[in-house]
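Coordinate inspection notes
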Amino acid sequence: MGLDLGAILKPGILGVSDHDAIVSINIFIALLCSCIIIGHLLEGNRWVNESITALVMGLITGGVILLVTNGTNSRILVFSEDLFFIYLLPPIIFNAGFQVKKKQFFRNFMTIILFGAVGTLISFVIITLGAMGLFKKLDVGPLELGDYLAIGAIFSATDSVCTLQVLNQDETPLLYSLVFGEGVVNDATSVVLFNAIENLDIGHFDALVLLNFIGNFLYLFFTSTLLGVATGLLSAYIIKKLCFARHSTDREVSIMILMAYLSYMLSMLLDLSGILTVFFCGIVMSHYTWHNVTESSRVTTKHTFATLSFIAEIFLFLYVGMDALDVEKWKLASSSPKKPIALSAIILGLVMVGRAAFVFPLSFLSNLSKKEARPKISFKQQVIIWWAGLMRGAVSIALAYNKFTASGHTAVRVNAIMITSTVIVVLFSTMVFGFLTKPLITLLIPPRTGPNTSSLLSSQSILDPLLTSMMGSDFDVGQISSPQYNLQFILTAPTRSVHRLWRKFDDRFMRPMFGGRGFVPFVPGSPVERSDPDSHLGTVTEAER
């Protein structure tokens, strides 16, 4: 019943078992549709999301397949690293950057970097040292230093989807910004860290190797970021100068999609971090490129990127649910499930301790650096930020399979133990912590009471807070329409903040060259010219260009 999806995409493979291949693909697509429908029906209570639904559906489907195959198989598709890293991961990460609330993201940039980069490194160190000290007591197997370092990177990658589903960005803009921003920076840092570890010479570890590791990490981080920014700016410049909308909106959409994917593949070709590259490419594209296209192209790209990311995440969690019942891995790992469960409990404990070790101290440092006019992170908000990072998901699964399997299979006992333990951690953290997210946030931050509040919250989908950011200005996130509030903000905001300096530089040099809000090229009859409320303020005409 198992099918290698990467293999059937190659011509000539389907000739042997066309029928089985088509049946397997149809079943998996039907399961994806079922996850979306059930997730939608359960969304009114906002206790679960499509990720939890996909995990449960995967477990149920895996159980049915086990019965049908007499306990020999539990999956419809065989996991392929190429499938995930080349096809599934790019849309997930790009959409995170494309839909990010840039004003809140860069206003709290230092705090987000503290949590997402420095915090991830602290968590990585604690998980690695804890694993080295505790795994040996369970007689897990012969793990080397590189394996322990990889384990630290794997379980430092967070998944805050359940928390973001419950948080409301209009009521708690600071908290939403920190949780979302830290989540995407954390994923990027974890993958860069993992790649740096893979290139580390463990056999001759000394101070020089450590310095080389730090230098390699910084090199991957900054070069990957620069490549993403450069690709995003190139796409903005091309679309601004060529004005594709005169001829075809499809060309605009195609260029944006292909340039985004090109940034990821170029990064992989140059042995950089594709996840970091495509994330910053998404940020730059949403700031410049997206404002250079027509309104129809804006709507199309916004929903296309969100849809691809949405399907990719459901696909992965559905597979994880089925793979959790993989009998071969469980038999190879241990004669009883006690050892993988005990190992998973240790990992979860290290994750909780590692996250607490940086959330509360770094929040204290962040509050010290803020002036009186800037909102500080309260203790209740710190607890929510700590809780938001306890769940593990797509990136952890992908890195674990990359390290401990070959195309989804493993014949080594210690690798089987690590895969089964990772699956348990993802299942437990997503389902248990995910279910408890809503009551915890309701307890710490009671929702506002109002005639339309409950209906508004229940009608929003998990992606709505992200999608609505693209319909307005890239700088109007978190703004409150009250003139009184805006006047107070102007009077109390620091006059020489980094954000204001960037705005001046951006308006004077970057936007005139690469486009953006207020600097869109004039296209006769373009929907942008008819619908953009600010087009009369800063539109650049043909003569002015």
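Residues numbered from 1 in each chain as written. Predicted model: local features only at pLDDT ≥ 70, side-chain atom pairs only at ≥ 80, totals over all residues. Heavy atoms only, no water.

**Description of the overall build of the protein chain**
Quick reminder of the rule: Secondary structure elements are defined from DSSP: runs of H or I of at least 4 residues count as helices, runs of E of at least 2 residues count as strands, and each element is numbered from the N terminus. Type-normalised accessible area, obtained with a 1.4 Å probe on protein chains alone, sets the label of each residue: buried when under 20%, exposed when over 50%, and partly exposed for intermediate values. Any two residues whose heavy atoms approach within 4.5 Å at even a single point are treated as in contact.
Within the protein chain, the regular secondary structure consists of 24 helices and 2 strands. Within the protein chain, the fraction of its 545 residues that count as buried is 54%. Partitioning the contacts of the protein chain with sequence separation of at least 6, the portion at a separation of at least 24 is 81%.

**Concerning a nonpolar patch on the surface**
Rules: Patch membership is restricted to residues that have no salt bridge and whose relative accessible area is over 30%. Joining uses 9 Å for like charges and 5 Å for the nonpolar side chains Val, Leu, Ile, Met, Phe, Trp and Tyr. Only the protein chains shown count as cover for residues, and all accessible areas are computed by the Shrake-Rupley method using a 1.4 Å probe. Note on definitions: salt bridges are taken to be side-chain nitrogens of Lys or Arg within 4 Å of carboxyl oxygens of Asp or Glu.
Together, Leu210, Leu211, Ile214, Leu218 and Phe222 make up a nonpolar patch on the protein surface, roughly 480 Å² of accessible area in all. Among the structural elements, Phe222 can be located in helix α10 (residues 207-242).

**Here's the deal with the nonpolar core**
Our working definition: Nine residue types can take part in a nonpolar core, namely buried Ala, Val, Leu, Ile, Met, Phe, Trp, Tyr and Cys, and a core is a set of them joined through side-chain atoms within 4.5 Å.
One finds Phe135 and Leu318 to be the most contacted residues of the largest nonpolar core, which totals 127 residues. The element contributing the most residues to this core is helix α9 (residues 173-198), with 15 residues. Beyond its immediate sequence surroundings of up to four residues, Leu318 is in contact with Phe28, Leu31, Leu32, Cys35, Ala54, Met57 and Gly58. Counting 6 residues, the second largest nonpolar core, distinct from the first, contains Ala236, Tyr288, Met510 and Phe514.

**A closer look at the packing of aromatic side chains**
Basically, it comes down to this: Pairing of aromatic side chains here covers Phe, Tyr and the six-membered ring of Trp, requires ring centres within 6.5 Å, and sorts the geometry by plane angle: under 30 degrees stacked, over 60 edge-to-face, intermediate tilted.
A complete count under the given rule lists 16 aromatic pairs for this structure. Consider the rings of Phe94 and Phe305, whose centres lie 4.6 Å apart with planes at 65 degrees: the pair is edge-to-face. Residue Phe94 is located in helix α4 (residues 81-98), and its partner Phe305 is located in helix α13 (residues 295-323); the two are separated by 211 residues in the primary sequence. Using a relative accessible area of 3% as the deciding quantity, one classes Phe94 as buried. The class of Phe305 is buried, set by a relative accessible area of 5%. Here the aromatic rings of Phe505 and Phe509 are separated by 5.3 Å at their centres, their planes lie at 45 degrees, and the arrangement is tilted.

**Focus on the packing of helix α6 (residues 109-134) against helix α7 (residues 145-154)**
This is how the line gets drawn: Under this scheme, a helix contributes an axis fitted over its contacting stretch, all axes are lines through C-alpha atoms, and angles between N-to-C directions fall in the 0 to 180 degree range. Orientation labels follow simple angle bins: below 35 degrees gives roughly parallel, above 145 gives roughly antiparallel, 65 to 115 gives roughly perpendicular, and whatever is left gives oblique. Each crossing gets its handedness from the near helix: less than a right angle anticlockwise from the far helix is left-handed, clockwise is right-handed. Residues were grouped as follows: Ala, Val, Leu, Ile, Met, Phe, Trp, Tyr, Cys and Pro as nonpolar; Asp, Glu, Lys and Arg as charged; and all remaining residues, including Gly, as polar.
Packing of α6 against α7 brings their axes to within 8 Å, and their N-to-C directions diverge by 135 degrees. Taken as axis vectors, α6 and α7 run oblique relative to one another. Read as a crossing pair, α6 and α7 show a hand that is right-handed. Each of Phe124, Ile127, Thr128, Ala131 and Met132 in α6 lies in contact with α7, whose residues at this interface are Leu145, Tyr148, Leu149, Ile151, Gly152 and Ala153. Per-class residue counts for the contact of α6 with α7 are 9 nonpolar, 2 polar and no charged.

**Brief notes about helix α18 (residues 413-444)**
Filter applied, for reference: Expected span of a helix: the number of residues minus one, times 1.5 Å. Bend, in this description, refers to the angle at a residue between axes fitted to the seven residues ending there and the seven starting there.
For α18, spanning 32 residues, the distance from its first C-alpha to its last is 44 Å, which sits close to the expected 46 Å at 1.5 Å a residue. Along its length, α18 shows its largest kink, about 35 degrees, at Thr437, and proline Pro439 lies within four residues downstream of that point.

**Section: the confidence of the model for the protein chain**
Applied cut-off: Confidence of the prediction at every residue is given by pLDDT, a number between 0 and 100.
Per-residue confidence for the protein chain gives a mean pLDDT of 75; residues scoring 70 or more make up 73%. Note on residues 1-16: pLDDT is under 50 here. Beyond four places in sequence and across chains, it has 30 contacts. Contacts for the low-pLDDT stretch residues 524-545, under 50 throughout, to residues beyond four places or in other chains number 40 contacts.

**Some details on the pattern of salt bridges**
Enumeration over the complete set of coordinates arrives at 4 salt bridges. One salt bridge in this structure joins Lys403 and Asp147, with 3.6 Å as the shortest N-O distance. Taken as a pair, Lys403 in helix α17 (residues 394-404) and Asp147 in helix α7 lie far apart in primary sequence, 256 residues in all. Here Lys403 makes a salt bridge to Glu198, at a shortest N to O gap of 3.4 Å. In this pair, Lys403 sits in helix α17 while Glu198 sits in helix α9, placing the two residues 205 residues apart along the sequence. A network of salt bridges, in which partner residues are shared, links Asp147, Glu198 and Lys403.

**Section: unusual backbone geometry**
A positive phi is found at Asp271, a non-glycine position, where the angle reads about 60 degrees. With respect to the element layout, Asp271 can be found in the loop between α11 (249-269) and α12 (274-287).

**Some words on α10**
Helix length check: α10, at 36 residues, gives a terminal C-alpha distance of 52 Å against a target of 52 Å (1.5 Å per residue), a fit within 8%. Two residues or fewer past α10, Cys243 is found with a positive phi of approximately 50 degrees.

**Notes on the packing of α13 against α17**
It is at 10 Å that the axes of α13 and α17 come closest, and there the two elements cross at 55 degrees. Taken together, α13 and α17 sit at an angle that is classed as oblique. Here α13 and α17 pass one another in a crossing that is left-handed. Where α13 abuts α17, its residues Leu316, Phe317, Tyr319, Val320 and Asp323 lie against Ala394, Ile397 and Tyr401.

**Digging into the side chain of Thr231**
With respect to the helices, strands and loops of the structure, Thr231 is situated in helix α10. Once residues lying within four places of it in the same chain are set aside, the contact partners of Thr231 are Met259, Ser263 and Cys281.

**Describing the environment of Val184**
Here Val184 lies in helix α9. Sequence spacing of Val184 and Asp159 is 25 residues, and the spatial spacing of their C-alpha atoms is 8.9 Å.

**A closer look at the environment of Trp502**
When you line up the elements, Trp502 lands in helix α22 (residues 498-514). Filtering out sequence-adjacent residues up to four positions away, Trp502 remains in contact with Tyr288 and Met510.

**A short note on the environment of Ala306**
With respect to the helices, strands and loops of the structure, Ala306 is situated in helix α13. Owing to a relative accessible area of 3%, Ala306 belongs among the buried residues under this scheme. For the pair Ala306 and Asn95, spaced 211 residues apart in the sequence, the C-alpha separation amounts to 6.0 Å.

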